[in-house]
Amino acid sequence: MTRIRELDALRGFAVGGIMLVNTWQHVENKTDNGLDLTMEALFQSRFYPIFSLLFGISFMLFLRGNSRWALLSRLFWLFCLGLVQHRFYEGEVLTDYAFYGAAVLLPASFMAPGWPQLLLGAAAIAWALMVGGGPLLIPGLFLVGMALWELRPPRTLLLPGFAAAAVVTALLTYSWSTTNEWIVYSTAALAGAAAYALGLLLLLRPWLSAVLEPLGRMALTNYVSGTAVIVLTGPLANADPTRWSVVAVAAVTVGVQVLVSRWWLARFQYGPLEWIWRCLTRFRVVPNRLESGRDHNRPLPDPGVS
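The structure displayed is predicted, hence computed values, not measured ones. (Residues numbered from 1 in each chain as written. Predicted model: local features only at pLDDT ≥ 70, side-chain atom pairs only at ≥ 80, totals over all residues. Heavy atoms only, no water.)

### Thoughts on the packing of helix H4 (residues 68–86) against helix H11 (residues 219–238)
The contact between H4 and H11 brings their axes to 11 Å, and the two run at 15 degrees. Between H4 and H11, the angle is such that the two are roughly parallel. In this structure, the crossing between H4 and H11 has a hand that is right-handed. Facing Leu78, Leu81 and Gln85 of H4, the residues of H11 in contact are Leu220, Tyr223, Val224 and Thr227. Classifying every residue of the contact of H4 with H11 by side-chain character gives five nonpolar, two polar and no charged. (Axes fitted to C-alpha atoms, helices over the stretch in contact; angles between N-to-C directions. Helix = DSSP H or I, 4+ residues; strand = E, 2+ residues; numbered from the N terminus. Parallel < 35°, antiparallel > 145°, perpendicular 65-115°, else oblique. Left-handed = near helix turned anticlockwise from the far one by under 90°. Contact = heavy atoms within 4.5 Å. Nonpolar A, V, L, I, M, F, W, Y, C, P; charged D, E, K, R; others polar.)

Here it is in structure tokens:
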């Protein structure tokens, strides 16, 4: 198998967006200045749904060549990595992803694939919206990701899907600005996530893919290292009432991560934490260094979030 490059690019886009939003969310004493309002209306809660869908897809891809026991081991070690990250970053989601993966995705893998998973995922999302949204949306998004991989919607739906999602996002965001209802905001965020993902797939070109793919292939390493940066730069962001330091920190961090990821993946198959995770899952040391003379631009094995 080869990596699915569009999924890597989408994952990299989500990781970059999560870095921006998480940096902003950890700033204290937010104001009603233009940047805070823009972040809240256009970016907050728009990126983790994309990542959650991709996690559901990666779950199915991993099962194509591995047992459910191997998958359970993978989720267990992800939970452990999340516990380590939690020691310095309370907002981590790795433990949520691991828990919901074992509690929801593993049982759902025994279901008839496709429409049953999609309907169950839609119902789970509707329930989560009714009770407050947030991390409770993750299980339903996982299920929708599983279903989308099985159903494989045609590319001809990208443009009308993007147009519909963009219109719904605009209408719901305006409605939220006048009602301040959380359920309206959460629904607008989900529609916005769909618009961003479909829009990126429509606009994806080789140069953009070359930037986003390395970021996505090392998603775990970049997510964890990004949270460390957020913790270390917190005093700087809190001291800046304009909030532009948030944008600067996120942009510099993501830019460095892109360069480091490209450099690393020219020499190794997996990122540092991805390799550790893989070794723990397999209970053995997995070869990582690329062979001399190997074509570094060729898609590499394992399409999952490794």
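### Thoughts on the packing of aromatic side chains
This model, assessed by the stated rule, comprises 14 aromatic pairs. A centroid spacing of 5.7 Å and a plane angle of 15 degrees characterise the contact between phenylalanine 47 and tyrosine 196, whose relative ring orientation is stacked. Residue phenylalanine 47 is located in the loop between helix H2 (34–43) and helix H3 (48–63), and its partner tyrosine 196 is located in helix H9 (residues 182–203); the two are separated by 149 residues in the primary sequence. A residue is classified by how much of its surface remains accessible, and phenylalanine 47, at 6% relative accessible area, is buried. A ring pair is formed by phenylalanine 55 and phenylalanine 142, whose centres lie 4.8 Å apart and whose planes are at 20 degrees; its orientation type is stacked. Taken as a pair, phenylalanine 55 in helix H3 and phenylalanine 142 in helix H7 (residues 138–151) lie far apart in primary sequence, 87 residues in all. Lying over the aromatic face of tryptophan 277, arginine 74 brings its terminal NZ or CZ to 4.1 Å of the ring centre. Its end group placed over the ring of tryptophan 149, arginine 152 keeps NZ or CZ at 3.9 Å from the ring centre. (Phe/Tyr/Trp six-rings, centres within 6.5 Å; stacked < 30°, edge-to-face > 60°. Buried < 20%, exposed > 50% of the residue type's maximum accessible area, 1.4 Å probe, protein only. Lys NZ or Arg CZ within 6 Å of the ring centre and 35° of its normal.)

Distances and angles like these do not, on their own, reveal function.
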